[in-house]
Structure formats: C-alpha cells, structure tokens
Amino acid sequence: EELTAQLPQIEKPAKGKKPATVEPLNINSHPQIKEHFRKTWRINLVDTKEETLVELAKTTDKPEAVALLNNITECRHLHKRLNTYVNHLQDKHRRSDGRVHGQFNPLGTVSGRISASNPNLQNIPRSAEFRKLYIPTEGKVFVICDYSQIELRVCAELAGETKMIEAMKQGEDLHRMTAAKIFGVSETEVGKEQRQQAKAVNFGLIYGMSPNRLVKEGIAKDQKQGAAIIKAFFELYPKIKRMHKYLEQQMEQAIRKDPTQLQIRTQGTNRRRWLSRKDVSFNDGKLRPNTLFNQPVQGLAADGMKAALVVLKQRLEELDAELVAVIHDEVIVQTPPPLADKVRGIVQHAMIDGMQTFVSSVPITAEAVVGRSWAEK
C-alpha cells in the first residue's frame, strides 16, 4: 500500500519546452523516451539504461530534463520493488497458510554458496519497508544472526595477512585503518564518507577490483587515482597481493598445460570446481579476477556456513526452535518468546563454532538479535 501510494506522486505526464509526442510518457517504452528527449530537448539518447539516464542527469544543463530523468529512474525503481518484491510474492508464492515458503539449495551456486528459489528470498531488499513484511508464525519471534565481515576474515586467513589478522584480533576498525592508508590521513582524521569508501575498497580489492571500477563507484576521480588507491591498499596488505599473484600463476600454468581440465579447489574441504576457459579468461587472454579470486574466499565462507548449520541443527534439536531461512551470511530461526534469549546465544555460538572449523587463525564474529520481524536486524 505504501509503495502504491507513492506512484501517483512521481508518475506524471512529461513536460518540456515543446509538447511531448506521447503524453503521459510510458517510462517502460524505450522508443517513447528516446523520441520525447529528441523532440523536446534535441537530446539523442543512445539507450534508456539506468546508467545512461543517471549520467545524462549529471551532465545536462536543462533542469526540466533532469527532473524527468530523475522521475523515470525513480518510477522504474518503484515499479520493480512493487512488482518483484510484493505483488509477485503474494500472487505466486503465498501458500494456503498465508505465508511464503522459500526453497534453499545448499549447493545451488558454483561457488558453493546456498541459493534460494521459488521465491528467491535472498534478493529481498535490505530496507525496513520490505523486511518488516516478513514475520514469524503467530506466538513466536525471530532470532536473526549474521557474520561480521566474513569474507574479509576468510581472505585474511587464506592469505595469512598478518596486518589484517592482528587488527581483527585487537578489535580495530579495519575500514578506518584502510581509509587512513589510501587517503593519506591519520585514523583520527578519517571522515564518515572516507570510511564508507574504504569499506567498498576492502571488499572490492580482495576480489581484484580495477581502477576503472573505482572510478565508476565514485571512489576515485580518475584511473590514475584509482591505481594509486590500489597501490596503497596492497602496500598495507601485501600478502593479499601475493595470494592473487600465486593464483594467477597457477591458473596460467594450468591453461598452458590443458585448458580443458581447469579447476579450483576450496581450502579446508578440498571441494573442486571445474572451470571452462571462458570462466577464467577475457577475450584478450587476460585472467578474469572475479572468478579466480572470488572462488577461494566465497567457497570457504560457504563451507563454513554449512558447517555452522550442522552445528546449529544439533544444538536446537531438543528445543522448540526451527531454522526458517538462510540469507547469504545470515540465518533466521523462530522460537517462542520465553526461549528467545537462550536460542539467541545458541545460534550465535553455533555460527562462530561452525565457521571456525575452517577459519581458525582469524577471530569470527557473529551478531544475533531477537525481533518480531526481519526488519529488526
């Protein structure tokens, strides 16, 4: 209802210096949008993708065009949220008991992470307006628990990156420490925006983020600054760079030897993922970092999560508590209110103990809360 009420506020006929060809303008019609901008402002749009419209809104000197571009983008977001995350779930996935029941596949992704389908509850936006719609069975509450910075911790373990591991052991703010290095200031001088950008750098560069990507994310103003940020990051955490180089060399040797027998094994479980040449190489022959660097980290984190679920199941067997969802690095359990505090402690410790099956040199942190909806985490 809230989303539906917002639509009339922004879904208005297009206005400009000249009359629009079609009025009201259909925001889902690419030809109409292109024709409208050409007729009204003599702007020839290459396409109507969101990134194109956002970039035009930043560069055009026509206020009316900017307002319309922002309206189109906002309308599309609103329609997607309403149709994908509300109407679609109600129409196709609500069972006879009035509830949504998702299906979870423990090996549903190539990295080994758990997937969700019918519906994909892992795609639900993080905002409270959506997550407050997900509530426990009547007479019960949710215990919601997720890992803190788990992929950074797994990467630190795999690389043996002592600087990062020591910071985690001391409970230091890793994002602030990275921000100080890449922006050339002291940790006390790091601002909120700089810390947020450093967070994106931390999670991006462990997977081989490029200077161009840093520019697109608004972290670097140009390729030169992007390269400088990457250089500073690996000066602070040299063993991660060393791990990347090792993975690249191993894969280059494997490609030369037999490109039909490429594989990556997950440390700890020794789980094997077979790769095709296109999984690891661009057309120019350069290695594809988003496969080569993601797999070891995400694969081990996925194995740790499954170990945690085994521990959790064992510890909840004698209690009135049940696992209802696994959302990436987060689990949701429901239980009666009198048991909530006890179950919260069990869930939190099970998550930590299970992950430490494979990640032992880095402290694992999991945070659990009790709530009456998913939004309370």
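Anyway, here's the lowdown on the structure attached to this text.

Turning our attention to unusual backbone geometry. Cis rather than trans, the peptide bond between N118 and P119 has omega equal to 0 degrees. Locating P119 in the fold gives a position in the loop between β2 (115–117) and α5 (128–131). The phi dihedral of R42 falls on the positive side, at around 60 degrees, and the residue is not glycine. Secondary-structure assignment places R42 in the loop between α2 (30–41) and α3 (50–59). Note on R42: relative accessible area 69%, which makes it exposed. Residues other than glycine seldom take positive phi values, yet N118 does so here, at roughly 50 degrees. Locating N118 in the fold gives a position in the loop between β2 and α5.

Aromatic ring pairs are described here by two measures, namely the spacing of the ring centres and the angle between the planes. Per the stated rule, a full pass over the model turns up 4 aromatic pairs. On the numbers, 5.1 Å between centres and 50 degrees between planes, the contact of F37 with W41 is tilted. Here F37 and its partner W41 are both found in helix α2, 4 residues apart, which amounts to about one turn of the helix. With a centroid separation of 5.4 Å and 90 degrees between ring planes, the pair formed by Y134 and W374 is classed as edge-to-face. Residue Y134 is located in the loop between α5 and β3 (141–147), and its partner W374 is located in the segment after β8 (366–371); the two are separated by 240 residues in the primary sequence. Judged by its relative accessible area of 16%, Y134 falls in the buried class. Put simply, the rings of F233, F234 and Y237 touch in pairs and so form one group of aromatic residues. R131 extends its terminal NZ or CZ atom over the ring of W374, reaching a point 3.9 Å from the ring centre.

For the rest of this paragraph, the subject is helix α11 (residues 223–236). For α11, which comprises 14 residues, the first-to-last C-alpha distance of 20 Å matches the rise-based estimate of 20 Å (1.5 Å per residue) to within 8%. Of the positions making up α11, those classed as buried are G226, I229, I230, A232, F233, F234 and L236. Close packing links the buried residues of α11 with α7 (162–169), α8 (174–183), α9 (192–205), α10 (211–216) and α12 (238–257). In this structure D222 caps α11, since a side-chain oxygen of it lies 3.2 Å from the backbone nitrogen of K224.

Pairing is antiparallel in the open sheet, where 4 strands are placed in the order β6-β7-β3-β8. Each edge of the sheet is formed by a strand with only one pairing partner; in this case those strands are β6 (322–327) and β8. Ignoring strand direction, the axes of neighbouring strands in this sheet form an average angle of 20 degrees. Of the pairings in the sheet, the one linking β3 to β8 comprises 6 bridges and is antiparallel in character. Of the residues in β8, the one forming a bridge with D146 is E367. Relative to β3, helix α16 (residues 340–355) is tilted by about 25 degrees, and along the sheet it contacts β3, β7 (330–335) and β8.

Basis of the calculations
Residues numbered from 1 in each chain as written. Predicted model: local features only at pLDDT ≥ 70, side-chain atom pairs only at ≥ 80, totals over all residues. Heavy atoms only, no water. Helix = DSSP H or I, 4+ residues; strand = E, 2+ residues; numbered from the N terminus. Buried < 20%, exposed > 50% of the residue type's maximum accessible area, 1.4 Å probe, protein only. Phe/Tyr/Trp six-rings, centres within 6.5 Å; stacked < 30°, edge-to-face > 60°. Lys NZ or Arg CZ within 6 Å of the ring centre and 35° of its normal. Expected span 1.5 Å × (residues − 1). Contact = heavy atoms within 4.5 Å. Polar contact = N/O pair within 3.5 Å; in protein donor to acceptor, adjacent residues only side chain to side chain. Pairing = 2+ DSSP bridges. Axes fitted to C-alpha atoms, helices over the stretch in contact; angles between N-to-C directions.

Fair warning: the whole summary comes from geometry, so function is off the table for now.
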